[in-house]
Amino acid sequence: MAKKIKIVVESVEQNVTIPAIPLSAAAAILKVVLWGSQYVPAQSRDETVQILLDNREAILQFVQTSVKELKEFEPFRLVEVESGPNRVLIDILG
């Protein structure tokens, strides 16, 4: 059963590896980030921040449903994107 998510971003300038964390912890972190986004001053909000604010509940519901579904699968690679020398990997681990 899948229990954790691990993210790796590789680029020429810098490599970033987010260690494997439980799926439920990732969902909780996202919830805190979305909750905190309401405190971005109105004059600093770009279109992306406004979309997040307007759709906060739908995003949280989607993430909670996704976490529930992912836990039923065996570990697998969720995302693998390459663009030139850059690469992003998102793995769902057991």
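Computed from a predicted structure; not experimentally measured. (Residues numbered from 1 in each chain as written. Predicted model: local features only at pLDDT ≥ 70, side-chain atom pairs only at ≥ 80, totals over all residues. Heavy atoms only, no water.)

A. Summary view of the overall build of the chain. In terms of regular secondary structure, the chain is built from 3 helices and 4 strands. Once the C-alpha set of the chain is aligned to its principal axes, its extents read approximately 40 × 35 × 20 Å. Residues classed as buried in the chain amount to 18% of the 94 residues present. Of the contacts formed within the chain by residues at least 6 apart in sequence, a portion of 47% connects residues at least 24 apart. Accessible surface for the chain amounts to roughly 6,800 Å². Of this, 59% is attributable to carbon and sulfur atoms. (Helix = DSSP H or I, 4+ residues; strand = E, 2+ residues; numbered from the N terminus. Buried < 20%, exposed > 50% of the residue type's maximum accessible area, 1.4 Å probe, protein only. Contact = heavy atoms within 4.5 Å. Areas by Shrake-Rupley, 256 points an atom, 1.4 Å probe, with all protein chains shown as cover.)

B. Representation of the sheet that holds strand β3 (residues 76-83) within the structure. Reading across the sheet, the 4 strands line up as β2-β1-β4-β3 and stay open at both edges, with antiparallel pairing between neighbours. Across the chains shown, the open sheet's two edge strands, defined by having one partner strand only, are β2 (15-22) and β3. Going from strand to strand, the sheet's axes swing by 5° on average, the running direction of each strand aside. Here β3 pairs with strand β4 (residues 86-93) via 7 bridges, running antiparallel. Residue pairing in the sheet places Glu80 in a bridge with Leu89 of β4. Across the face of the sheet, helix α1 (residues 23-36) comes into contact with β1 (4-10), β2 and β4 while running at roughly 110° to β2. (Pairing = 2+ DSSP bridges. Axes fitted to C-alpha atoms, helices over the stretch in contact; angles between N-to-C directions.)

C. Representation of the environment of Pro19. Tracing the backbone through its elements, the reader meets Pro19 in strand β2. The sequence separation of Pro19 and Ile7 amounts to 12 residues, and the corresponding C-alpha distance is 7.0 Å.

D. How the structure looks around α1. Its 14 residues place the ends of α1 20 Å apart at the C-alpha level, agreeing with the 20 Å of an ideal helix rising 1.5 Å per residue. Those residues of α1 not exposed but buried are Leu23, Ala27 and Leu34. Buried residues along α1 cover an arc of 40° about the axis, so they all sit on one side. For α1, exposure combined with an orientation more than 90 degrees from the buried face picks out Val32, Val33 and Trp35. (Expected span 1.5 Å × (residues − 1). Arc of directions from axis to C-beta.)

E. Inspection of the packing of aromatic side chains at higher detail. By the definition in use, this model includes 2 aromatic pairs. Judged by centre distance (5.3 Å) and plane angle (70°), the ring pair of Trp35 and Tyr39 falls under edge-to-face. Judged on exposure class, the residue Trp35 and its partner Tyr39 are both exposed. (Phe/Tyr/Trp six-rings, centres within 6.5 Å; stacked < 30°, edge-to-face > 60°.)

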